[in-house]
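Here's the letter readout for the chains.
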Amino acid sequence: MALISTSPSSLSSSSSSSSATIPNRSFITFKNNNNKVRMNKTMIRGSSSSDGSGVLSNGSSVLFRAAKHTVTFLIVDTYITSGMVVGLGSGQASAMAIEYMGRQLRAGALKDVIGIPTSVASANEAAVAGIPLDQYQDTSQIDFAFDDADIIEEGTLVAVIGRQQPKGDESIIQEKSVLNAADKLVFMVSENQYKGVLDGSVPVLVQPVNWMETAEEIDDLFIGDAEVWRRASIGLAGPLGGDFPLVTKEGHHVLDIIFTSPIPSLAKVAESLDKIDGVVDHGVVSKFPCAVVIVSESGLSTVDNLSANSAEGLQS
């Protein structure tokens, strides 16, 4: 994929197209739609200021901290304008963007912005920042949303959220609802979270009644390529989740599909899960239009799926 050097003020002015080839696996049928994205790259100089707060775990250099801090300026200054309803994401980068939004509101650079939190944590951060809030409803009209992601699939920009242990009343369902309702969505990730060959886990919400039958059906679907564990609320338990399984605020259990082989296609994984009785939702987010801001020690890159071909089959 070609990288186009741009200035910070023209992040979306140039584009380049390429196709993404993802390995095919036996347990799933994957058709390469030749999805296209465009990438712009902006170098962030070491002179950018940062106090080091909210640094990703793999970022230790001054330059990386500066680049991470600059993500918040990019998100707020580029995408958010006065009068917008904004979905407020969850995670380290989102927390910094929320804090910066509050500063812009207090300074008068933004006016009449309403925040829709994706979690209890983002609601608390917005309250501290002084951002007026509203609750998400099915009829909510959201102009723009930003969020952290656990991993992004290169070429499709399909994301996984919810890998981290939720705290308090956090909800994958609430987070996905806000993201899917937004007219435009931007994810923020580090370079090692934007991959062509995916690994790790996908969280799945299931009904507590007969959850083992649901888990067995999921296990059969990905047999030989993944293990299915029920998430525990306390400590590390085995596949059954121990004596204290995690129960979400909606009353669901969380199963983690832990892939032992590369994940061929997140969209196809989501499509297969949606057909299983007992599955309520999962951590796969497919959104069009969507953009991704990628942080590395060499600077920031932005990628979007605004090409016509990339829209096919992404929204679910």
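Along each chain, the written sequence defines residue order, and numbers are assigned to residues from 1. Two thresholds apply to this predicted model, a pLDDT of at least 70 for residue-level local features and 80 or more for giving and counting side-chain atom pairs, whereas whole-chain, interface and lining totals are computed over all residues. Side-chain descriptors were evaluated using all non-hydrogen atoms of the structure, hydrogens and water having been removed beforehand.

Going by an unreviewed UniProt entry, the protein chain carries the name ribose-5-phosphate isomerase and comes from Citrus clementina. UniProt positions are given in the numbering used here, feature names are shortened, and annotations may be inferred rather than shown by experiment. Per UniProt, the protein chain carries the Sequence similarities (unreviewed entry) text "Belongs to the ribose 5-phosphate isomerase family." On record in UniProt, under Pathway (unreviewed entry), the comment for the protein chain is "Carbohydrate degradation; pentose phosphate pathway; D-ribose 5-phosphate from D-ribulose 5-phosphate (non-oxidative stage): step 1/1."

What follows concerns the environment of Thr260. Looking at where Thr260 falls in the secondary structure, it is placed in strand E12 (residues 253-263). Exposure is judged per residue with a 1.4 Å probe applied to protein chains only, and the accessible area is read against the type maximum: over 50% gives exposed, under 20% gives buried, and values in between give partly exposed. Overall, Thr260 belongs to the exposed group, its relative accessible area being 54%. Between the C-alpha atoms of Thr260 and Glu227, which are 33 residues apart in sequence, the distance is 7.4 Å. Contacts are assigned to residue pairs with any non-hydrogen atoms lying within 4.5 Å of each other. For Thr260, the residues in contact, after removing those within four places along its chain, are Gly224, Asp225 and Ala226. Helical segments are the DSSP runs of H or I of at least four residues, strand segments are the runs of E of at least two, and each set is numbered from the N terminus.

To continue, consider the nonpolar core. Ranked by internal contacts, the top residues of the largest apolar core, which has 29 residues, are Ile75, Ile80, Val86, Met101, Phe144 and Phe146. Breaking this core down by element, the ones donating at least two residues are helix H1 (62-79), strand E3 (85-88), helix H2 (92-107), helix H3 (120-129), strand E5 (142-148), strand E8 (182-190) and strand E15 (290-296). Throughout, nonpolar core names a set of buried Ala, Val, Leu, Ile, Met, Phe, Trp, Tyr and Cys residues whose side chains join them through atoms within 4.5 Å.

Moving on: the sheet that holds E12. Think of it this way: DSSP has to see at least two bridges between two strands before they count as a pair. The strand order across the open sheet formed by four strands is E11-E12-E10-E13, and the pairing between neighbours is antiparallel. Of all the strands in the sheet, just strand E11 (226-230) and strand E13 (279-282) have a single pairing partner and so form its edges. Along the sheet, successive strands turn relative to each other by an average axial angle of 25°, direction set aside. Here the axes come from fitting lines to C-alpha atoms, over the contacting stretch only for helices, and the angles between their N-to-C directions go from 0 to 180 degrees.

Remark: the centre distance and the inter-plane angle together describe each pair of aromatic rings, the angle taken between the planes. Ring geometry is summarised as follows: Phe, Tyr and Trp rings, the Trp one being its six-membered ring, pair when their centres sit within 6.5 Å, and such pairs are stacked at plane angles under 30 degrees, edge-to-face over 60 and tilted between the two. By the definition in use, this model includes four aromatic pairs. Between Phe144 and Phe146, the ring centres sit 6.4 Å apart and the planes meet at 45°, which makes this aromatic pair tilted. Across the pair, Phe146 and Phe144 agree in class, each one buried. Grouped by ring-pair contacts, the aromatic residues Tyr79, Phe144 and Phe146 constitute a single cluster.

A separate point is unusual backbone geometry. Pro289 follows Phe288 through a cis peptide bond whose omega is -5°. Within the fold, Pro289 resides in the loop between strand E14 (284-285) and E15. One non-glycine residue, Asp112, lies in positive phi territory at about 55°. Mapped onto the elements of the fold, Asp112 is located in the loop between H2 and strand E4 (114-117). Note on Asp112: relative accessible area 65%, which makes it exposed. With phi around 60°, Asn210 is a residue other than glycine that occupies positive phi space. Relative to the elements of secondary structure, Asn210 occurs in the loop between strand E10 (198-206) and helix H5 (211-221).

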